[in-house]
Amino acid sequence: DNGYTVRLMFTTKQGDATSWASIANEDCVIAIGGDGTLNETITGLMQNSNRPTLGYIPLGSTNDFAKSMKIPFNRPPFLGKEFEYMQEAVKNDRN
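Keep in mind the model is a prediction, meaning the values are calculated, not measured. (Residues numbered from 1 in each chain as written. Predicted model: local features only at pLDDT ≥ 70, side-chain atom pairs only at ≥ 80, totals over all residues. Heavy atoms only, no water.)

S.K.: Quick question: what am I supposed to make of the overall build of the protein here?
M.R.: For the protein, the count of helices and strands is four helices and two strands. The secondary structure elements of the protein, listed N-terminal to C-terminal, are α-β-α-β-α-α. Expressed as a percentage of the 95 residues in the protein, the buried residues total 31%. In the protein, once contacts between residues fewer than 6 apart in sequence are set aside, the share between residues at least 24 apart is 53%. Here the protein has roughly 7,100 Å² of accessible surface; of this, 53% comes from carbon and sulfur atoms. (Helix = DSSP H or I, 4+ residues; strand = E, 2+ residues; numbered from the N terminus. Buried < 20%, exposed > 50% of the residue type's maximum accessible area, 1.4 Å probe, protein only. Contact = heavy atoms within 4.5 Å. Areas by Shrake-Rupley, 256 points an atom, 1.4 Å probe, with all protein chains shown as cover.)

Take a look at the structure:
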């Protein structure tokens, strides 16, 4: 146990990431998705008086922001099987 608590929030409709980020009471919020998810998360964080730190893992279909900022698309080394599960869930949701 490293002292971190992780809470996963999955978006199911437009506006979910904005709603959750606007009330997040965590130290860090990590947006995992594409440009739309990142945009919604930033919008929510701007409404949040707590202002958690933002992290971003690009998993969208175009990832224009990640490309322009030269954010790598390979799996972050700190994520293991959970990341592979999330990638598979995203792929299945798109089909």
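S.K.: What should I look at first to understand a nonpolar patch on the surface in this one?
M.R.: A cluster of nonpolar side chains, namely Tyr4, Val6, Leu8 and Phe10, defines an oily patch on the protein surface of about 510 Å² accessible area. Tracing the backbone shows tyrosine 4 in the segment before helix 1 (16-23). Judged by its relative accessible area of 65%, tyrosine 4 is exposed. (Patch = residues over 30% accessible without salt bridge, like charges linked within 9 Å, V, L, I, M, F, W, Y side chains within 5 Å. Salt bridge = Lys/Arg side-chain N within 4 Å of Asp/Glu carboxyl O.)

S.K.: Can you walk me through the environment of phenylalanine 65 in this structure?
M.R.: In this structure, phenylalanine 65 sits in helix 3 (residues 64-68). The class for phenylalanine 65 is partly exposed, based on a relative accessible area of 35%. Measuring from C-alpha to C-alpha, the distance between phenylalanine 65 and leucine 38 comes to 8.8 Å, with 27 residues separating the pair along the chain. Dropping the residues within four chain positions of it, phenylalanine 65 is found in contact with Asp35, Leu38, Tyr56 and Ile71.

S.K.: Help me understand the pairing of strand 2 (residues 53-58), please; the structure alone is not making it clear to me.
M.R.: In the case of a regular strand, side chains alternate between the two sheet surfaces. Direction of pairing for strand 1 (residues 28-33) relative to strand 2: parallel, over a ladder of six bridges. Looking at the pairing, isoleucine 32 lines up with isoleucine 57 of strand 2. Assessed by its sense of winding, the connection that carries the chain from strand 1 through helix 2 (residues 35-46) to strand 2 is right-handed. (Pairing = 2+ DSSP bridges. Right-handed = clockwise from strand over helix to strand, strands pointing away.)

S.K.: It is not clear to me how helix 1 should be interpreted in this structure. Could you clarify?
M.R.: Residues that lie three or four places apart on an α-helix share one face, since the helix turns once every 3.6 residues. For helix 1, the full list of buried residues reads Asp16, Ala17, Thr18, Ala21 and Ser22. Where helix 1 is buried, its residues touch helix 2.

S.K.: Explain the environment of alanine 21 to me, please; I cannot follow it from the model alone.
M.R.: Tracing the backbone through its elements, the reader meets alanine 21 in helix 1. For the pair formed by alanine 21 and isoleucine 42, sequence separation is 21 residues and the distance between their alpha carbons is 7.7 Å. Each residue touching alanine 21, except ones within four places of it in the same chain, is listed here: Thr41, Gly44, Leu45 and Asn48.

S.K.: How do you make sense of unusual backbone geometry when you look at a structure like this?
M.R.: Peptide bonds are mostly trans, and most non-glycine residues show a negative phi. One non-glycine residue, arginine 51, adopts positive backbone phi at about 50°. Mapped onto the elements of the fold, arginine 51 is located in the loop between helix 2 and strand 2. The backbone of lysine 70 sits at a positive phi, close to 55°, despite the residue not being glycine. Relative to the helices and strands, lysine 70 resides in the loop between helix 3 and helix 4 (81-94).

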